[in-house]
Amino acid sequence: ITRARVIALLAEQAQQKAEAGLATQPNDAQLRFLKGVAQSQRGQSEAASATFTALTQDFPELPEPYNNLAVLEAAAGRLDAARAALARARGEGV
């Protein structure tokens, strides 16, 4: 088994656990963040972006979702959006 496959399996398990937890605790920021990270690790960039965007709307004081959103935006070539997300992570423009 390759390292990439192990990472993919762990990300899948993490996403499943996050979704199971969210079934009973839908507003848990940590579970939602874990779900976004797992989605990102699994190559589900659009879903991860939606998860992190929702987190920034519901918990604007948390820098981590903005940071992860910035990484996804930069990877997609949307550098202005990535810069804006990083600025929000630093508390600028809040």
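In what follows, the structure referred to is the one given above.
Residues numbered from 1 in each chain as written. Predicted model: local features only at pLDDT ≥ 70, side-chain atom pairs only at ≥ 80, totals over all residues. Heavy atoms only, no water.

Remarks on the pattern of salt bridges
Cut-off, in case you're wondering: Salt bridge, as applied in this entry: a Lys or Arg side-chain nitrogen positioned within 4 Å of an Asp or Glu carboxyl oxygen. Labels follow the DSSP assignment, with helices taken as runs of H or I lasting at least four residues and strands as runs of E lasting at least two, numbered in each case from the N terminus. Accessible area is worked out with a 1.4 Å probe on protein chains only. A residue is then buried under 20% of its type maximum, exposed over 50%, and partly exposed in between.
Taken as a whole and assessed by the stated rule, the structure comprises 4 salt bridges. The partner of Arg-32 in a salt bridge is Asp-58, with the nearest N and O atoms 2.7 Å apart. Pair noted here: Arg-32 is in helix α2 (residues 29-41) and Asp-58 is in helix α3 (residues 45-58), with a separation of 26 residues, a long-range link. The partly exposed category is assigned to Asp-58, whose relative accessible area is 44%. Here Arg-90 ties to Glu-92 by a salt bridge, and the two come within 2.9 Å at their closest N and O atoms. Using a relative accessible area of 56% as the deciding quantity, one classes Arg-90 as exposed.

A word on the packing of helix α1 (residues 3-24) against α2
Using the following cut-off: Note on geometry: axes are lines fitted to C-alpha atoms, helical ones only across the stretch in contact, with angles between N-to-C directions running from 0 to 180 degrees. For classification purposes, an angle smaller than 35 degrees is called roughly parallel, one larger than 145 roughly antiparallel, one from 65 to 115 roughly perpendicular, and anything else oblique. Crossing handedness is read from the near helix: turned anticlockwise from the far helix by less than a right angle, it gives a left-handed crossing, and turned clockwise, a right-handed one. A contact between two residues is defined here by any heavy atoms of the two lying within 4.5 Å. Amino acid classes used here: Ala, Val, Leu, Ile, Met, Phe, Trp, Tyr, Cys and Pro are nonpolar; Asp, Glu, Lys and Arg are charged; the rest, including Gly, are polar.
Following both chains from N to C, one finds α1 and α2 inclined at 150°, their axes separated by 8 Å at the closest point. The angle between the axes of α1 and α2 places the two elements in the roughly antiparallel class. The two elements α1 and α2 meet at a crossing, and its hand is left-handed. Facing α1, whose interface residues are Ile-7, Ala-11, Ala-14, Gln-15, Ala-18, Glu-19, Gly-21 and Leu-22, α2 presents Leu-31, Arg-32, Leu-34, Lys-35, Ala-38, Gln-39 and Gln-41. A per-class count over the contact of α1 with α2 returns 8 nonpolar, 4 polar and 3 charged.

Remarks on α1
For clarity, the cut-off: Expected helix span is computed as 1.5 Å times (number of residues minus one). Working definition: the arc comes from the directions between the helix axis and the C-beta atoms, pointing outward to the latter.
Given a rise of 1.5 Å per residue, 22 residues ought to cover 32 Å, and the 33 Å separating the end C-alpha atoms of α1 matches this to within 8%. For α1, every residue scored as buried is listed here: Ala-11, Ala-14, Gln-15, Ala-18, Gly-21 and Leu-22. Buried residues of α1, viewed axially, fall in a sector of 130°; they line one side. Opposite the packed face of α1, turned more than 90 degrees from it, sit the exposed residues Lys-17, Ala-23 and Thr-24. Next to the buried residues of α1 lie α2.

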